[in-house]
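# What the coordinates show
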Amino acid sequence: MPTFLSELSTLLGERYLLRQPADTAPYSLDWRQRYQGKPLAVALPGSVEQVAALVKLCQRHQVAIVPQGGNTSTCGAATPDDSGQQLIVCLRRLQQIRQLDAANHTLTVEAGATLLEVQQAAQAAGYLFPLSLASEGSCQIGGNLSTNAGGVAVLRYGTMRELTLGLEVVLPNGEILHALSGLRKDTTGLDLKQLFIGAEGQLGLITAATLKLFALPSAHATALLGVNDMDAAINCLNGLRQAFGERLSSFEVISHSCQQVITRHRPGQLPFTAPWLLLIELADSGNNILLNEQLVNWLARQNNILDGVIAQSEAERRKLWQLREEISELQKQDGPSIKHDIAVPTSALPAFVRDCAAALQAAFPSVRIVAFGHAGDGNLHYNVSFTRPGNTQLFDDENTVNELVYEQVYRVGGTLAAEHGIGQLKRHWLERYKDPQALTLMRLVKQAWDPQGLMNPGKWLSSHPLGKEDLGFCANTRSLPPQG
Ligand SMILES: Cc1cc2nc3c(=O)[nH]c(=O)nc-3n(C[C@H](O)[C@H](O)[C@H](O)COP(=O)(O)OP(=O)(O)OC[C@H]3O[C@@H](n4cnc5c(N)ncnc54)[C@H](O)[C@@H]3O)c2cc1C
């Protein structure tokens, strides 16, 4: 290893190779403080050529690479194991906007730019880049691509998969795949970029992407509504879809116990509570007053809305969104929970919410379910904990809780990973629920591209069989009682 590190230091410059525990610490622990790794070092390359040379060096010395973006993964996807042998590679220094092609509505950006920086660059030129997540100030485009990130505007604009036209990738052999296309149509063979989107850094290091831009909406109508149950929520969703078509850009839900978390940490901020709150937004390129009037008229015809407020200004709109965006952070402060990021067909959400709660309550009478998320996409962050803060006993039953939840999810044709990915947390569950042929095909791709398994090993594409230790917590990485 000393030879490898001195060659790497010569390549990057010593200041861009972090080796001291105090310097590597922020990269070694995940956002939830659940996975604690011990990297060999953290490399901060400054150009695509340096990334390619670094990967070739790693090949020569057989050093495993853990790509890391903003380190906001909620499932340990960017954390190394504790062997002290894996190199974290963070592309934060690659943050240039390479091109904004206004006439083509595209923006080409390097992978280390944060999502917020990309949104701001688009906005400064009069365009919208619509991906929007609560972690947008920290997460990076490379991480967004590698997790196929979703967020609050998927209903209208799609996930990162739909928002991406081209990629530049350093492959596991150190060669560069030049596929930064700005084309919306191209049938010259397989669409290889899609293999890297959602691959969680296991097939290569994404260094740049060409992303779609959209017209900036000039009008917004944003409302917080209360309904009695998920049936009423889905009726409301479908009514809004019928009435407003693609102008419906967000449809978020907040369960009653989640409202209690908000109220505990932000007393007086929620204008009202209800069994379920809906945060909905319409957007178009017309007139604000007109759009708001149309929403008010539509709401006046509904008979299952218990209460509601409509934002009267941009400041009020921001305040409503802030309440929604803070939930993950507030829940982290509220104590640990067993987290799920599930999606089911929207038509099945009411049955899922009902049946899953019944199954959990039967098994764990004191269970508290904090559910919130992007119900317009069928996606719920479904977090399970005890009512008594500080009680960690529930984690002894984590496998049972997961099993109960995932059985209900798959019974209605859902998925166990909607937008946060698999990482280390859900590896063994993927093994159980994913179609075996699909898993075999994915691993064949991995084997062909990365035969030595040097790209982000220990995650779900690894070919080594799962051991007993993989059940519940990941192998190798030291697992901690989660903080969030
Ligand atoms: C408060 C909070 C709210 C969130 N809300 C949402 C949400 O609404 N929707 C959503 O989808 N997610 C959400 N997330 C999850 C997380 O922010 C996303 O998964 C995000 O896309 C991860 O980006 P990152 O840069 O932090 O990646 P990291 O966490 O650093 O890495 C994630 C994965 O990408 C790989 N990777 C990173 N960069 C590269 C690269 N350049 N090349 C190849 N592989 C790479 C890593 O190896 C890892 O497997 C939230 C997280 C938090 C903490």
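In case you missed it, the structure is sitting above this.
Read on for a plain summary of the structure.

Here is what the cut-offs are and how they apply
- Residues numbered from 1 in each chain as written.
- Predicted model: local features only at pLDDT ≥ 70, side-chain atom pairs only at ≥ 80, totals over all residues.
- Heavy atoms only, no water.
- Near = heavy atom within 4 Å.
- Polar contact = N/O pair within 3.5 Å; in protein donor to acceptor, adjacent residues only side chain to side chain.
- Areas by Shrake-Rupley, 256 points an atom, 1.4 Å probe, with all protein chains shown as cover.
- Helix = DSSP H or I, 4+ residues; strand = E, 2+ residues; numbered from the N terminus.
- Nonpolar A, V, L, I, M, F, W, Y, C, P; charged D, E, K, R; others polar.
- Pairing = 2+ DSSP bridges.
- Axes fitted to C-alpha atoms, helices over the stretch in contact; angles between N-to-C directions.
- Parallel < 35°, antiparallel > 145°, perpendicular 65-115°, else oblique.
- Contact = heavy atoms within 4.5 Å.
- Buried < 20%, exposed > 50% of the residue type's maximum accessible area, 1.4 Å probe, protein only.

## What about the site of the ligand?
- The local shell around the ligand holds 36 residues, among which P67, G69, G70, T72 and S135 are the closest.
- With respect to the ligand, the backbone of S73 contributes an N or O atom lying 2.8 Å from an oxygen atom.
- One nitrogen or oxygen atom from the main chain of G151 is found 3.4 Å from a nitrogen atom belonging to the ligand.
- Here the ligand has 970 Å² of accessible area as a free molecule, and 96% of this is covered by the chains.
- Looking at the shell around the ligand, the elements that each hand over two or more residues are β4 (65-68), α5 (141-147) and β11 (205-212).
- No other element matches the five residues that α5 contributes to the shell around the ligand.
- The residue inventory of the shell around the ligand, partitioned by class, reads 12 nonpolar, 22 polar and two charged.

## So, the sheet that holds β11
- Taken together, five strands build an open sheet; the order of strands is β6-β7-β11-β9-β10 and the sheet is antiparallel. If you trace the sheet from one side to the other, it starts and ends with β6 (97-101) and β10 (176-179), each paired once. Looking at each pair of strands side by side, their axes are set apart by 15° on average, direction ignored.
- Relative to β10, strand β9 (residues 164-170) runs antiparallel, the two being bridged by four bridges.

## Notes on the packing of helix α1 (residues 2-12) against helix α3 (residues 48-61)
- Packing of α1 against α3 leaves a shortest axis separation of 11 Å and a crossing angle of 170°. With respect to each other, α1 and α3 are oriented roughly antiparallel. Of the residues in α3, those touching α1 at T3, F4, E7, L8, L11 and L12 are Q50, A53, L54, L57, C58, R60 and H61.
- When grouped by side-chain class, the residues that make up the contact of α1 with α3 number eight nonpolar, three polar and two charged.

## A closer look at the side chain of S257
- With respect to the helices, strands and loops of the structure, S257 is situated in helix α10 (residues 256-265).
- What makes S257 buried here is its relative accessible area of 12%.
- Once residues within four sequence positions are removed from consideration, S257 is found in contact with R368, I369 and V370.

## Side note on the side chain of Q140
- Relative to the assigned elements, Q140 resides in the loop between β8 (127-128) and α5.
- Excluding residues within four positions of it along the chain, Q140 makes contact with Q68, G69, G70, C90, L91, R92, A111, G112, A113, T114 and L115.

## Description of the sheet that holds strand β3 (residues 41-43)
- Strand order in the open sheet formed by four strands is β1-β3-β5-β4, with mixed pairing between adjacent strands. Edge strands, defined here as strands with exactly one partner in the open sheet, are β1 (17-18) and β4.
- Two elements, β1 and β3, share two bridges in a ladder whose sense is antiparallel. The residue bridging L18 from the neighbouring strand is V42, located in β3.

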